[in-house]
Amino acid sequence: MPPEAPTDTPERNASGDAAAPADPAARLAALRAEIDRLDDLLHDTLMLRAAIVGELAASGLKRGPPYRPAREAQILRRLLARHRGRLPKPAVVGMWREMLAATVAMQGPFAVAVWNPEPGAGAVALAREQFGTVTPIRWMRSTAQVLHAVAEGEAQAGVLPLPADDPYAEGAHDPWWLALMRGERPALSVVARLPFVTLRAEGASRAAALVVAPIVPEPSGDDRSLVAFHADEGASRARIADRLSAAGLGLRGLVLHRPERGPVACLAEVDGLVEADDRRLAALVEGGAAIAAPVVIGAWPVPPPESAFLPSPE
Ligand SMILES: O=C(O)C(=O)C[C@]1(C(=O)O)C=C[C@@H](O)C=C1
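Within an unreviewed UniProt entry, the label attached to the chain reads Chorismate mutase, and the organism entered is Elioraea tepida.

Participant: Got a minute to help me understand the UniProt feature "domain: Chorismate mutase" (unreviewed entry) in the chain in this structure?
Facilitator: Mapped onto the present numbering, the UniProt feature "domain: Chorismate mutase" (unreviewed entry) falls on residues 22-111. Regarding residues 22-111, the helix share stands at 74% and the strand share at 0%, and the terminal C-alpha atoms are separated by 54 Å.

Participant: Quick question: what am I supposed to make of the pattern of salt bridges here?
Facilitator: Between side chains of opposite charge, pairing is possible as soon as their charged atoms come close. Enumeration over the complete set of coordinates arrives at eleven salt bridges. With its nearest N and O atoms 2.5 Å apart, the salt bridge here joins D165 to R237. With D165 in the loop between β3 (157-161) and α6 (177-181) and R237 in helix α7 (residues 237-246), this residue pair connects regions lying 72 residues apart in the sequence. The class of R237 is partly exposed, set by a relative accessible area of 36%.

Participant: Looking at this model, I keep getting lost on the nonpolar core. Mind explaining?
Facilitator: For soluble globular proteins, the rule of thumb is that nonpolar side chains tend to be buried together. Counting 26 residues, the largest nonpolar core has L147, W176, W177, L180, V190 and V212 as its most contacted members. At five residues, α6 tops the list of elements feeding residues into this core. Not counting chain neighbours up to four residues away, the residues in contact with V212 comprise L147, V150, A157, G158, L160, W176, L180, S189, V190 and V191.

Participant: What should I look at first to understand the domain arrangement of the chain in this one?
Facilitator: How big an interface is tends to be stated in terms of accessible area lost as the parts join. Split by domain assignment, the chain resolves into domain 1 (24-56), domain 2 (74-217) and domain 3 (223-300). The straight-line distance from the C-alpha centre of domain 2 to that of domain 3 is 24 Å. Summed over both partners, the interface of domain 2 with domain 3 buries about 1400 Å², with 71% contributed by carbon and sulfur atoms. Of all residues in domain 2, the largest losses of buried area upon contact with domain 3 belong to D165, W177 and M181, amounting jointly to 44% of the total for that side. Run the count over domain 2 and domain 3 and you get one salt bridge.

Participant: Which parts of the structure should I look at to understand the site of the ligand?
Facilitator: Every one of the 14 residues lining the ligand counts as a neighbour, but R49, K62, E72, T103 and Q107 are closest to it. T103 places a side-chain nitrogen or oxygen 2.8 Å from an oxygen atom of the ligand. Q107 is positioned with one of its side-chain polar atoms (N or O) 2.7 Å from an oxygen atom of the ligand. Contributing elements (two or more residues each) for the shell around the ligand: α1 (24-59), α2 (69-82) and α3 (89-105). By residue class, the composition of the shell around the ligand is seven nonpolar, two polar and five charged. Composition of the shell around the ligand by domain shows at least three residues from each of domain 1 (24-56) and domain 2 (74-217).

Participant: Looking at this model, I keep getting lost on the packing of aromatic side chains. Mind explaining?
Facilitator: Aromatic rings considered in pairs are described by the distance between their centres and by the relative angle of their planes. Across all of its chains, the model carries three aromatic pairs by this definition. Aromatic pair Y67 and F110: ring centres 5.5 Å apart, planes at 55°, arrangement tilted. Of the two residues, Y67 is situated in the loop between α1 and α2 and F110 in the loop between α3 and β1 (112-115); the sequence distance between them amounts to 43 residues. Among the residues examined, Y67 registers a relative accessible area of 3% and is labelled buried. Measuring from centroid to centroid gives 5.7 Å for Y67 and F131, while their planes differ by 70°, and the two rings are edge-to-face.

Definitions and limits used
- Residues numbered from 1 in each chain as written.
- Predicted model: local features only at pLDDT ≥ 70, side-chain atom pairs only at ≥ 80, totals over all residues.
- Heavy atoms only, no water.
- UniProt positions renumbered as here; feature names shortened; annotations may be inferred.
- Helix = DSSP H or I, 4+ residues; strand = E, 2+ residues; numbered from the N terminus.
- Salt bridge = Lys/Arg side-chain N within 4 Å of Asp/Glu carboxyl O.
- Buried < 20%, exposed > 50% of the residue type's maximum accessible area, 1.4 Å probe, protein only.
- Core = buried A, V, L, I, M, F, W, Y, C linked by side-chain atoms within 4.5 Å.
- Contact = heavy atoms within 4.5 Å.
- Domains from an automatic or database assignment.
- Buried area = accessible area lost by both parts, 1.4 Å probe.
- Near = heavy atom within 4 Å.
- Polar contact = N/O pair within 3.5 Å; in protein donor to acceptor, adjacent residues only side chain to side chain.
- Nonpolar A, V, L, I, M, F, W, Y, C, P; charged D, E, K, R; others polar.
- Phe/Tyr/Trp six-rings, centres within 6.5 Å; stacked < 30°, edge-to-face > 60°.

Right, here's the structure in full:
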């Protein structure tokens, strides 16, 4: 139930009509008194919410790590859809992000390892935006160090660059996703995509990143998955894309890593939450030669489009 709505007293009538005190100083004081009252209400609600999270954590009903990106996305999408009025939606999400990071930290150690090869790389700013003021952020020079830190429990989540087609181009990064594909980090999955707030403020980081954590991705209602597999050396991008479509996988993006010789490592971003035993993975292999050993290396809740952060009509 929402907190009790403010009652209409003459003191809180902000529109300046006959019910408001005529004296401007008295009116200003009355409005500030009302803001103080609402701050208390908000603060009481926050403390109550934190106590309920504590109860949830102590209940033993939740299995696995505290951090649940799918649940967080559901909470934020719901609030975005119901939001009205002049308070900007990105600010509402920013406040909740701060709170959600804190309620994760309430439930156990929570530090984030972030790929940061050089000062000023966008991933650190994205991590701070996502994981709030209190979360320790550990800068790592290589993607391998990030994966190592999360796999060893030195950090509970890792922030890595978006996979790209030409990882050896100048300024690009290494294909870290190969380690997940080869099963070298069996406990880790990709679980989120940053930023969640896709409407970027002036000066905000334009980078995008993926989050890995020791969590089995959960459905949020609107998800994308990463399916990694091998394709024959000679297979073209178009052929691989056709095979994915024929298997019933809605292709959103395809990254290819061509070693000097041997099969091409492929990473497909596809619609929905694909589970390890999904029939479509078998169909992908059965469709003929060329494709082998598909594995799901993670999934994330789709961040709302920019339009979801624009003001709602009154
Ligand atoms: O729902 C949970 O599992 C919680 O721990 C609660 C909560 C929250 O504050 O709403 C906290 C952390 C999770 O990442 C998701 C949600």
